[in-house]
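# Structural features, examined
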Amino acid sequence: MATIVGAIATSHIPAIGRAMERNLENEPYWKPFFDGYAPVRRWIQDVEPDVAVVVYNDHGLNFFLDKMPTFAVGAAPEYHNADEGWGLSVTPPYPGFPELSWHLIESLVSEAFDITMCQEVLVDHGFTVPLSLLWGRESRSVRTLPVCINTVQFPYPSPARCLMLGRAMARAIESFDDDSRVVILGTGGLSHQLEGKRAGFLNPDFDRLCMNKIVNEPDELARYSVQDLIRFCGSQGVEFLNWLVMRGAVPGAVEEKHRNYHVPISNTAGATMILEKCGEALFASERG
Amino acid sequence: MRVQHDDSIPGTVIFGGELALKGYALNKMCFSFNDRANREAFRRDEESYCRKFGLTDTQRNAIRSRNVLQLLEAGGNIYYLAKWAGIFGLTVQDIGAQQRGMSVEEFAEMLRHAGGQ
């Protein structure tokens, strides 16, 4: 059966992609942020995942308000990025894993998660920036599976529902009959707000609480309402919903192997974490 | 841990059905700016591009004056508006500063101090 090795949470804003395109990683503004990814890339080398399930939100590249799915799952052999309108250069396509996608879709729907199935979906910076950060812009060493959460139009799914979705994803992935090593990416956040008179809102205290609790007490965070999340981490900080799906998708206890948190990165609190599934060492020795 | 039940959050837009309906044409126009050809068509003749999408007078005035708070009020959604702002090379920091009524430098300084709280 497929193995879930753990999860990586990471910011995904376009400014990160732009900084990478311009080789600004060692500039004083960016260094404290990018330095936080060296341990993440080392962990990936050690743990060797070959599939990345990417939980992200679309920002108006693929989905418009004409049809806005709450949860959408990609089921394509390949995923394409495209022009988002404000200058980030388009990345090469990403290999998919349609067999795992359809297994996930069938399993989720059988558990009453009525998701939208997408054989064509353009993936935006919420998907591409994390993959560039973790594997490099051109590398295509992992197969990918996009899971898109609506954070564009209300009502959004609740934190509790997102955690439940993640747990159902874990049951699906662990019942997939092959030897894939799956890492779950939760992208976006942490606190930030782009619009309104409160634009620029940041809340490091709440971000730290979220990072602490998501490790092994995610149910405490699932008790917040969506409005609570927006109040405490900003209208785009609500992307923390992606992190909750991610955490749910790693079953049982996890060990926090790494965290980096830096304010500000553009308008946001930049953050990354590695949550390794407890007992993973056993799996590593088994594959000896 | 659910501490409050009041849905209103000061200075914050909750983009629900009412705004989605009100802003549909405006957002549809902004969604079209994913394509370079459409961005160029807007640049060439802004008024007729707006007319093509059926924007209201309020929305057209807000587009004309580049006023993000007015666009939000008129039903604009920030994710689509960002694509419109990109046509003029405006970043999220420029937009943030404009909405706050401060200079971009002041806005960046506020962020550095983890401002807004």
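Numbers given for residues are sequential positions, taken from 1 along each chain in its written order. Chains carry letters from A onward and ligands carry numbers from 1 onward, assigned in written order. Only residues with pLDDT of at least 70 get local features here, since the model is predicted, and only at 80 or more are side-chain atom pairs given and counted; chain-wide, interface and lining totals rely on the full set of residues.

## Some words on the overall build of chain B
Strands here are runs of E lasting at least two residues and helices are runs of H or I lasting at least four, both read from the DSSP assignment and numbered beginning at the N terminus. Secondary structure assignment for chain B yields nine helices and zero strands. Along chain B, from the amino end to the carboxyl end, the secondary structure elements read α-α-α-α-α-α-α-α-α. Counting only C-alpha atoms and orienting by the principal axes, one finds that chain B spans roughly 50 × 35 × 25 Å. Here chain B holds 117 residues, and 39% of them are scored as buried. A fraction of 57% describes how many contacts in chain B between residues 6 or more apart in sequence connect residues 24 or more apart. Here the C-beta atoms are placed from the backbone, and a residue counts as buried if at least 20 other C-beta atoms lie within 10 Å of its own, exposed if 12 or fewer do, and partly exposed otherwise. Two residues qualify as being in contact provided that their C-beta atoms, derived from the backbone, are within 7 Å of each other.

## Observations regarding the overall build of chain A
Counting its secondary structure elements, chain A contains 11 helices and 10 strands. The atom set for the radius of gyration is the C-alpha atoms, and the globule formula is 2.2 Å times the number of residues raised to the power 0.38. A compact globule built from 288 residues would reach a C-alpha radius of gyration of about 19 Å, and chain A, at 17 Å, matches this within 12%. Seen along its three principal axes, the alpha-carbon backbone of chain A occupies a region of about 50 × 40 × 40 Å. Evaluated residue by residue, chain A yields a buried proportion of 57% over its 288 residues. Partitioning the contacts of chain A with sequence separation of at least 6, the portion at a separation of at least 24 is 83%.

## So, the nonpolar core
Among the nonpolar cores identified, the biggest contains 94 residues, and Val53, Val55, Ile184, Val245 and Ala249 of chain A are the most heavily contacted of them. Per element, the largest residue contribution to this core is eight residues, and it comes from helix H6 (residues 159–174) of chain A. As used throughout, a nonpolar core is a set of buried Ala, Val, Leu, Ile, Met, Phe, Trp, Tyr and Cys residues joined through C-beta atoms within 7 Å of each other. Within the second largest apolar cluster, 32 residues are counted, among which are Phe63, Leu88 and Ala199 of chain A together with Ala85 of chain B.

## A word on the interface of chain B and chain A
Bring the parts together and some accessible area is lost; that lost area is often taken as the interface size. Taken together, the 45 residues of chain B in the interface contact 39 residues of chain A. Listed by contribution, the elements that provide at least two residues to the side of chain B that touches chain A are helix H2 (24–32), helix H3 (36–44), helix H7 (78–87), helix H8 (92–100) and helix H9 (104–112) of chain B. All residues other than Ala, Val, Leu, Ile, Met, Phe, Trp, Tyr, Cys, Pro, Asp, Glu, Lys and Arg, Gly among them, are scored as polar; the first ten of these are nonpolar and the last four charged. In terms of residue class, the side of chain B that touches chain A is built from 22 nonpolar, 14 polar and nine charged.

## Observations regarding the pairing of strand S7 (residues 143–149) of chain A
Residues and elements named next belong to chain A. Counted residue by residue, S7 has seven buried out of seven residues, so it is predominantly covered. Of the two faces of S7, the one lined by Arg143, Leu145, Val147 and Ile149 and the one lined by Thr144, Pro146 and Cys148 are each fully buried. Between any two strands, at least two bridges found by DSSP are needed for them to pair. Bridging between strand S2 (residues 51–56) and S7 involves six bridges; their strand directions are parallel. Bridge pairing in S7 links Val55 to Val147.

## Quick word on the sheet that holds strand S10 (residues 268–277) of chain A
Strand pairing in a sheet relies on backbone hydrogen bonds, with the paired strands running either antiparallel or parallel. Residue and element names in this part refer to chain A. A sheet is described by the order of its strands in space; here eight strands give the open sequence S6-S3-S7-S2-S8-S1-S10-S9, paired in mixed fashion. Each edge of the open sheet is held by one strand with a lone partner, namely strand S6 (116–118) and strand S9 (254–265). When the angles between neighbouring strand axes are averaged without regard to direction, this sheet yields 15°. The sheet contact formed by strand S3 (residues 71–74) and S7 spans three bridges and is antiparallel. Directly across from Ala72, in S7, lies its bridge partner Cys148. Here helix H10 (residues 240–248) sits on the sheet in contact with strand S1 (3–10), S2, S7, strand S8 (181–187) and S10, set at roughly 160° to S8. For helices, the fitted line uses only the C-alpha atoms of the stretch in contact; every axis is such a line through C-alpha atoms, and the angle between N-to-C directions lies from 0 to 180 degrees.

## Here's the deal with the packing of H2 of chain B against H7 of chain B
All names here are of chain B. Two elements in contact, H2 and H7, have axes whose closest approach is 8 Å; the angle formed by their N-to-C orientations is 50°. On the basis of their axis angle, the class for H2 and H7 is oblique. Crossing hand, H2 versus H7: left-handed. Note on element contacts: H7 touches H2 through Tyr80, Leu81, Lys83 and Trp84, opposite Asn27, Cys30 and Phe31. Within the contact of H2 with H7, the residues separate by chemical class into five nonpolar, one polar and one charged. In these notes the angle categories are as follows: under 35 degrees is roughly parallel, over 145 is roughly antiparallel, 65 to 115 is roughly perpendicular, and the rest is oblique. For a crossing to be left-handed, the near helix must be turned anticlockwise from the far one by less than a right angle; the clockwise case is right-handed.

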